Every structure is written in structure tokens, then in C-alpha cells.
Amino acid sequence: MNEKYFEMKGLSVGYKGKALIHDICIDIKKGEIVTLIGPNGAGKSTILKSITRQLEIIGGKVIFDESDIGSMPYKALASKMAVVLTDRIKAEMMTCHDIVATGRYPYTGRLGILTRKDEEKVEEALTMVHAADLGNRDFRAISDGQRQRVLLARAICQEPDVIVLDEPTSFLDVKYKLELLTILRRMAKGNGITVIMSLHEIDLAEKISDKIICVNGETIFDYGTPEEIFREAHIRNLYNINNGHFDPVFGSMELPGPVGEPEVFVISSGGTGIPVYRILQKQDRPFIAGILYPNDVDYHLAKILAADVITEKPFNCISEETLKEALSKMEKCDTVIYAGTETGEMNQRIQVLIDEARKAGKLETYEAFNGD
């Protein structure tokens with residue numbers, strides 16, 4: 001298999017001869033899913049339109065299976081590459097079946113007549129995207145989400161080697177976002193189809209992509225695996241975030257935590273504290289979380305939302321020093337919420353926190369705190 005199946009070699013893209021992004025050098029393997037992420041207006045769509053010949057390339061080359069796409073006949077390119085862009089298509093008097101059927105035209109003769117096999121491909125593609133019931137409906141009369149599925153069916157029907165999509169999950173509800181991305185993954189990993197797309201939902205981009213292209217500025221911001229790209233500081237810089245956080249463990253964007261002198265001390269472990277943290281965040285009540293180990297799932301959210309996190313080294317017993325710190329800070333809080341935690345030899349001193357909070361009349365269970 002050719003390691004460099006789809007290449008952007010010194011590519012410059014833009015409008016009217018003016019390059020907006022230059023020196024793009026990306027190698028994509030056959031069957032990979034590569035996703036462009038970045039802020040609005042950064043140039044993701046410009047790159048996609050350029051590599052599909054919707055826009056004239058300003059400089060450099062795009063090599064597809066060892067051929068320069070600029071010299072490929074349109075019909076040859078159309079039989080190997082399918083494109084789903086956000087631009088509105090003209091569909092006067094066309095049904096959804098008609099739209100999907102245009103994906104077969106690279107395979108028809110001069111008269112553009114579909115064979116029985118072509119018609120079967122159309123029906124299979126509509127069924128694959130759960131749009132079989134839309135076949136006879138006017139394409140202009142269906143919802144944006146339904147149109148997106150029909151356009152994906154057209155791309156599937158084309159039986160391409162590469163499929164390029166610009167924000168394919170736009171207008172789709174959660175169910176169909178997941179279904180669409182599942183279909184793309186099946187096409188890539190089951191049929192060896194290379195997928196190049198842009199996504200706004202970076203949590204989904206992290207989960208589905210083999211490689212990520214970060215777009216922001218006059219050159220590519222970064223390119224690598226999701227593990228390399230989806231780090232808190234990296235995403236913060238890419239999107240110029242100064243009013244929230246990216247949590248790489250959960251793959252989610254988080255609003256800022258409450259600011260101020262902590263009012264609440266939360267005792268938890270193993271995920272029991274997460275719902276408490278979120279309630280306190282919504283109430284804008286600053287809190288302390290502890291005592292947590294850095295390998296505890298609660299710790300990863302607490303370090304983003306809590307005013308302070310009291311920690312112990314992994315696999316160590318809670319020390320007398322750490323316990324004293326926790327007791328001192330807990331004493332200054334008005335409320336102690338016990339969200340539930342399993343205690344054992346390593347963290348048995350958590351029970352001291354619980355007992356002291358109970359003696360002080362500050363202890364609340366999660367059920368009482370949440371009104372259950």
C-alpha cells in the first residue's frame with residue numbers, strides 16, 4: 001500500500017490569486033480518517049474546496065494516488081472522489097432519489113442512463129443513511145438534516161476512493177451525528193476509503209479521526225494523531241480560549257469554575273464527585289475537592305472546576321501532612337458534601353475527614369445536597 005496515498009505538497013490556498021494559507025504539506029494514507037479543526041473563518045472550507053478543485057489552487061500540488069489532481073480529467077476524478085460541501089446545490093424539480101442518482105453519473109455513458117445496477121446502488125445508499133423513505137420527496141422540501149443524509153447517500157453511491165466532507169454533522173441531531181460518523185468509519189476501515197472532513201465538534205473529531213489537521217493562521221497550526229493534538233494547552237491556543245477549558249480526558253469543553261473563597265468541601269472518589277462539581281459550578285459556589293489521587297477520574301474534572309484540589313501521590317497511603325492540610329481547609333468551609341467513596345488501606349484517613357465534618361455539623365450526603 002502506498003504510504004502517501006493523498007498528498008498536499010507545498011499547497012497554497014485562497015481566493016483570486018491571493019494565498020490565505022500556504023506551505024501545506026500533509027501526507028494521508030489510504031483508509032485514514034483525517035479531520036480539519038479550528039475556529040470559524042480559519043480556512044478549513046478553503047482547503048477542502050481547493051483539494052476538490054472547487055477553487056483554483058494558488059500554489060503547490062495535490063497528489064492523489066500518484067496523479068496530480070490538476071491534470072486529471074473531471075470524469076476520472078469524479079469516479080474516484082466524492083464531495084459533500086456545505087454550499088447549497090441547485091435542485092429544481094429533483095427528488096431525493098434523483099439527487100443520489102447523480103452520484104452514478106461518472107459510471108454512465110454519454111446519455112447518462114442508469115442501469116438496473118445503478119438503481120440498486122441508489123437504493124442501497126439511501127437505506128444505508130436511513131433515508132429510504134425520502135426517495136420520492138422533493139429535495140427542496142426536506143429538512144437540513146435530511147438533506148445532509150441524502151447528500152451523504154449520493155457520495156456513498158458514487159463508490160469513491162476518497163470522500164471529502166465539509167461539516168457533515170451540521171444540522172444533524174445527536175442520533176444522526178453518531179450514525180453518520182459510524183458510516184464513515186465503516187467506509188474507511190471496512191472498504192479502505194480515505195475520509196477527509198472538517199468538524200466543529202472536537203469531541204467527535206477526537207474519537208473518530210486517525211489524524212487531525214489544526215487550521216489557524218497563514219500556515220497549518222499543527223498536524224498529528226488525536227493523542228498528540230488534544231491536549232488542554234494545545235486546544236486552548238488553537239481556539240484562543242480564555243473563558244473556559246478543554247478537558248482531554250473527557251474530550252469536552254468546560255465552562256470556567258466558580259471563583260472566590262471556597263464555601264464547600266467535597267469528599268469523593270471514582271466519579272462520585274463529578275455530579276456534585278457540576279451542581280456547584282451551576283450555583284457558582286467555589287469549592288475544594290479532596291483528598292484525591294491524580295489517577296482518580298474525579299481529579300481530572302476537579303482540577304478544572306475546583307478552587308483547590310488536595311491530592312496524594314498515586315499508590316501512597318494518605319500521609320499525616322496531607323490529612324492536616326485537608327482538615328485545615330475543610331474547617332474554613334461552611335459545608336462538607338460526602339459524595340460517597342470506597343475506603344481501604346491506602347485512603348482510610350478519608351474517614352477522619354468524614355468524622356470531623358460530622359462532629360462539626362457540616363456534613364451533607366449527596367442525596368441530601370441534591371434534594372433526593
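The preceding data block contains the structure.
Residues numbered from 1 in each chain as written. Predicted model: local features only at pLDDT ≥ 70, side-chain atom pairs only at ≥ 80, totals over all residues. Heavy atoms only, no water.

Another point: the packing of helix H12 (residues 320–331) against helix H13 (residues 350–359). Here H12 crosses H13 at 25°, and the two axes come no closer than 10 Å. Judged on the interaxial angle alone, H13 and H12 are roughly parallel. Judged by the sense of rotation from one axis to the other, the crossing of H12 with H13 is right-handed. Contacts from Leu323, Ala326, Leu327 and Met330 in H12 reach Val352, Leu353, Glu356 and Ala357 in H13. (Axes fitted to C-alpha atoms, helices over the stretch in contact; angles between N-to-C directions. Helix = DSSP H or I, 4+ residues; strand = E, 2+ residues; numbered from the N terminus. Parallel < 35°, antiparallel > 145°, perpendicular 65-115°, else oblique. Left-handed = near helix turned anticlockwise from the far one by under 90°. Contact = heavy atoms within 4.5 Å.)

Turning our attention to the side chain of threonine 169. Turning to its location among the elements, threonine 169 is positioned in the loop between strand E7 (162–166) and helix H6 (174–191). If sequence neighbours within four positions are ignored, threonine 169 has contacts with Gln148, Lys177, Leu180, Leu181, Leu199 and Glu201.

To continue, consider the environment of proline 286. Structurally, the position occupied by proline 286 is in the loop between helix H10 (274–283) and strand E14 (287–292). With 277 residues separating them along the chain, proline 286 and lysine 9 place their C-alpha atoms 51 Å apart. Excluding its chain neighbours within four sequence positions, the residues that come into contact with proline 286 are Pro258, Val259, Gly260, Glu261, Pro262, Glu263 and Val264.

Turning our eyes to something else, we now look at the pairing of E7. Extensive coverage of E7 is indicated by the burial of five of its five residues. Alternating residues of E7 divide into Val162, Val164 and Asp166 and Ile163 and Leu165, and every residue in both groups is buried. Here strand E6 (residues 81–84) pairs with E7 via four bridges, running parallel. Considered in E7, the bridge of methionine 81 is made with valine 162. Two strands pair when backbone bridges link them, and E7 and strand E8 (residues 194–198) are joined in this way by five bridges, in the parallel orientation. Of the residues in E8, the one forming a bridge with valine 164 is isoleucine 196. (Buried < 20%, exposed > 50% of the residue type's maximum accessible area, 1.4 Å probe, protein only. Pairing = 2+ DSSP bridges.)

In total, this model carries four aromatic pairs according to the counting rule given. With 5.6 Å between their ring centres and 85° between their planes, tyrosine 5 and phenylalanine 64 make a pair best called edge-to-face. Here phenylalanine 64 lies in strand E4 (residues 59–64) and tyrosine 5 lies in the segment before strand E1 (6–15), a separation of 59 residues in the sequence. Overall, phenylalanine 64 belongs to the buried group, its relative accessible area being 0%. With a centroid separation of 5.6 Å and an interplanar angle of 50°, the aromatic rings of phenylalanine 6 and phenylalanine 64 are classed as tilted. Placement of the pair is phenylalanine 6 in strand E1 and phenylalanine 64 in strand E4, with a sequence separation of 58 residues. Residue phenylalanine 6 is classed as buried on the basis of its relative accessible area of 0%. Of note, arginine 147 hangs over the ring of phenylalanine 139, and the distance from its end group to the ring centre comes to 5.7 Å. In this structure, arginine 149 packs its charged tip against the face of tyrosine 176, placed 3.9 Å from the ring centre. (Phe/Tyr/Trp six-rings, centres within 6.5 Å; stacked < 30°, edge-to-face > 60°. Lys NZ or Arg CZ within 6 Å of the ring centre and 35° of its normal.)

Helix length check: H12 (twelve residues) gives 16 Å between terminal C-alpha atoms against 16 Å at 1.5 Å per residue, within 8%. Along H12, the positions that sit buried rather than exposed are Thr322, Leu323, Ala326 and Met330. Projected onto a plane normal to the axis of H12, the buried residues spread over an arc of 100° and lie on a single side. Among the exposed residues of H12, those oriented more than 90 degrees off its buried face are Glu321, Lys324 and Glu331. (Expected span 1.5 Å × (residues − 1). Arc of directions from axis to C-beta.)

A sheet is described by the order of its strands in space; here four strands give the open sequence E2-E1-E4-E5, paired in antiparallel fashion. The outermost strands of the open sheet, each flanked by one partner alone, are strand E2 (18–28) and strand E5 (67–68). Direction of pairing for E1 relative to E2: antiparallel, over a ladder of seven bridges. Following the sheet pairing, valine 13 is matched in E2 by isoleucine 21. Set on the sheet, helix H1 (residues 44–51) makes contact with E1, E2 and E4; between it and E1 the angle comes to about 115°.

This brings us to the pairing of strand E3 (residues 33–37). Here E3 lies mainly inside the structure; five of its five residues are buried. Of the two faces of E3, the one lined by Ile33, Thr35 and Ile37 and the one lined by Val34 and Leu36 are each fully buried. Bridge count for E3 against E8 is four bridges, and the pairing is parallel. Bridge pairing in E8 places leucine 36 opposite serine 198. With four bridges joining them, E3 and strand E9 (residues 211–215) adopt parallel strand pairing. Looking at the pairing, threonine 35 lines up with isoleucine 212 of E9.

In contact at an axis separation of 8 Å, helix H4 (residues 116–128) and helix H5 (residues 144–157) are set at 135° when each is read in the N-to-C sense. Here H5 runs oblique to H4, going by the angle between their axes. Crossing angle aside, the handedness with which H4 passes H5 is right-handed. Packed against H4, whose contacting residues are Lys121, Val122, Ala125, Leu126 and Met128, the element H5 presents Ala153, Ile156 and Cys157 at the interface. Its residues placed into classes, the contact of H4 with H5 shows seven nonpolar, no polar and one charged. (Nonpolar A, V, L, I, M, F, W, Y, C, P; charged D, E, K, R; others polar.)

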